[in-house]
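Each chain is listed here by its residues.
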Amino acid sequence: MSACPNTATATAVHTPLPVLGRDVTVPLVTGGEVTYAALDYAASAPALQRVWDDVAAYAPYYGSVHRGAGYLSQLSTDLFENSRTTVAEFLDCRDDDQVVFTRSTTDSLNLLASVLPSGCQVFVFETEHHASLLPWAGTGGRDARVTYLSAPRTPQEAVTILERALADRDPYGPALVCVTGASNVTGELWPVKELAAAAHAHGARIVLDAAQLAPHHPVSVRELDVDWVAFSGHKLYAPFGSGVLAGRADWLRSADPYLAGGGASRTVARRPDGGVEVEWHTTAARHEAGSPNVIGVYSIAAACKALTEAGFDSLVAREQSLVAAVRAGLAEVPQVRVLSLFGDDAPRVGVISFVVEGWNSSHFAAALSAEYGIGVRDGLFCAHPLVRTLLGSDPQDPGECGAPDAAPGEKSLNAIRVSFGAGTPDEHIERFLNAVRELVTQGARWTYRTEDGRCVPDTTG
Ligand code: PLP
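Residues numbered from 1 in each chain as written. Predicted model: local features only at pLDDT ≥ 70, side-chain atom pairs only at ≥ 80, totals over all residues. Heavy atoms only, no water.

Undergrad: Describe the state of the cysteines, listing the residues and the values that go with them.
TA: Taken as a whole and judged by the stated rule, the model has zero disulfides. C93 takes part in no disulfide bond, and the closest cysteine sulfur to it belongs to C304, at a distance of 10 Å. As a non-bridged cysteine, C382 has C178 as the owner of its nearest cysteine sulfur, 15 Å distant. Note on C382: relative accessible area 41%, which makes it partly exposed. (Disulfide = S-S within 2.5 Å. Buried < 20%, exposed > 50% of the residue type's maximum accessible area, 1.4 Å probe, protein only.)

Undergrad: Can you tell me about the environment of E33, naming the residues and giving the values?
TA: You can see E33 is positioned in strand β2 (residues 33-35). In this structure the C-alpha to C-alpha distance between E33 and L439, which are 406 residues apart in sequence, comes to 19 Å. Residues contacting E33, with those up to four places away along its chain left out, are T25, V26 and P27. Only 2.7 Å separates the side chain of E33 from the side chain of T25, close enough to count as a polar contact. (Helix = DSSP H or I, 4+ residues; strand = E, 2+ residues; numbered from the N terminus. Contact = heavy atoms within 4.5 Å. Polar contact = N/O pair within 3.5 Å; in protein donor to acceptor, adjacent residues only side chain to side chain.)

Undergrad: For the packing of aromatic side chains, give the residues involved together with the corresponding values.
TA: All told, the structure shown has twelve aromatic pairs when counted by the stated rule. Aromatic side chains W52 and F240 sit 6.0 Å apart centroid to centroid with 25° between the ring planes, which places their arrangement in the stacked category. Residue W52 is found in helix α1 (residues 49-58), and its partner F240 is found in the loop between β9 (228-232) and β10 (243-247); the two are separated by 188 residues along the sequence. The exposure class assigned to F240 is partly exposed, which follows from its relative accessible area of 21%. On the basis of an interplanar angle of 70° and a centroid distance of 6.0 Å, the ring pair of F354 and F432 is categorised as edge-to-face. Of this pair, F354 sits in strand β14 (residues 351-356) while F432 sits in helix α13 (residues 426-442), and the two are 78 residues apart along the sequence. No difference in accessibility class separates F354 from F432, as the two residues are buried. (Phe/Tyr/Trp six-rings, centres within 6.5 Å; stacked < 30°, edge-to-face > 60°.)

Below, the structure is given as structure tokens:
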């Protein structure tokens with residue numbers, strides 16, 4: 001099974017890439033301050049210093065894109081358009097692929113849903129992030145018929161489930177498979193190349209949700225043979241509100257613009273009957289109406305360059321050593337159960353979810369923050385069906401903080417997720433593992449209460 005180019009032989013970078021906020025200190029509820037340990041990269045990664053520096057260097061030259069006659073407008077337009085080329089190179093796109101700039105992965109997948117040909121059948125695993133799970137039915141996809149595929153327990157089973165579903169489909173209509181490259185819950189890599197081959201063998205197309213893959217692994221559209229790929233800047237160290245949808249131009253070109261307005265239209269003329277006649281662009285601009293987010297787009301290009309120039313393969317190798325350290329450290333704590341769909345041997349990125357016996361996950365996450373200065377996430381991570389499958393729990397209220405939702409032998413209702421990447425120093429991982437051990441063996445040193453459904457330190461006493 002190969003989700004990505006093999007990086008096992010890469011040489012490790014031994015130091016993290018500089019990111020913003022690396023020296024920020026936060027107060028502890030128990031007194032004193034510590035440097036903040038950002039271990040919630042899967043939600044939003046800190047900006048790479050290099051991205052920030054590139055944006056700051058460009059900022060004085062910022063100008064209107066595609067419209068102005070002035071020098072700075074032309075410079076900004078060049079920068080904006082060159083960013084497409086940089087992103088296309090980063091993703092190893094085919095020559096005739098289009099790179100459309102969006103707001104995020106969610107936006108990219110909704111854009112794709114809005115251009116589906118009529119009668120399209122969509123196949124999506126129920127384990128997907130809601131951004132990949134939800135856009136297809138009714139909303140953007142209009143008359144799309146969606147088949148939700150059950151959770152596979154091995155990568156091979158994912159291929160088998162998809163093949164079986166595709167074999168039953170109407171062989172003449174258009175079809176799309178949507179799959180994530182790396183799970184935002186388990187970090188596990190999906191067999192993208194094999195799923196793409198299965199999709200194509202049955203005349204379907206495939207879109208790769210690379211929101212969690214692109215920040216952690218090189219993605220080659222050509223090698224994986226996917227039709228589209230979507231990702232977000234803010235998870236790729238470029239938090240300025242832009243995303244990408246890259247891939248086949250034909251469906252994008254044939255559909256109505258995602259947003260109607262200036263920039264998407266080539267010409268607009270009055271018709272004799274009083275209406276207007278619009279000729280829409282056939283390039284990526286067709287789906288980029290309105291003034292574009294040039295800083296966001298430039299920052300994504302800067303991140304692509306920074307990761308490439310740092311040696312992405314060696315970043316992967318370093319991250320893999322952190323993954324191994326976290327998994328080994330958690331395995332030593334018998335009360336911790338790491339969530340996994342594909343089992344211990346599955347290749348994965350730096351995204352690990354777990355539950356702690358006897359602890360409410362929100363309580364545990366709050367204690368990591370308040371007592372150790374560590375930022376993780378708790379909940380269902382916008383992948384409710386997957387997390388509930390992994391926990392074996394039913395949808396319910398997560399319970400009162402402090403009252404463990406997972407007494408020995410009971411099922412947890414929420415999970416804790418730790419995630420990291422190119423900017424994570426070893427110390428953050430060591431502090432996290434030490435905190436887990438201390439909380440499990442000694443308990444929290446502070447009391448917590450529920451406020452607006454979340455656990456917070458009780459500072460009222
Ligand atoms: N897909 C996956 C796998 C994700 O993890 C996320 C966000 O967490 C998304 C899609 C949506 O990304 P965004 O919120 O940037 O649109």
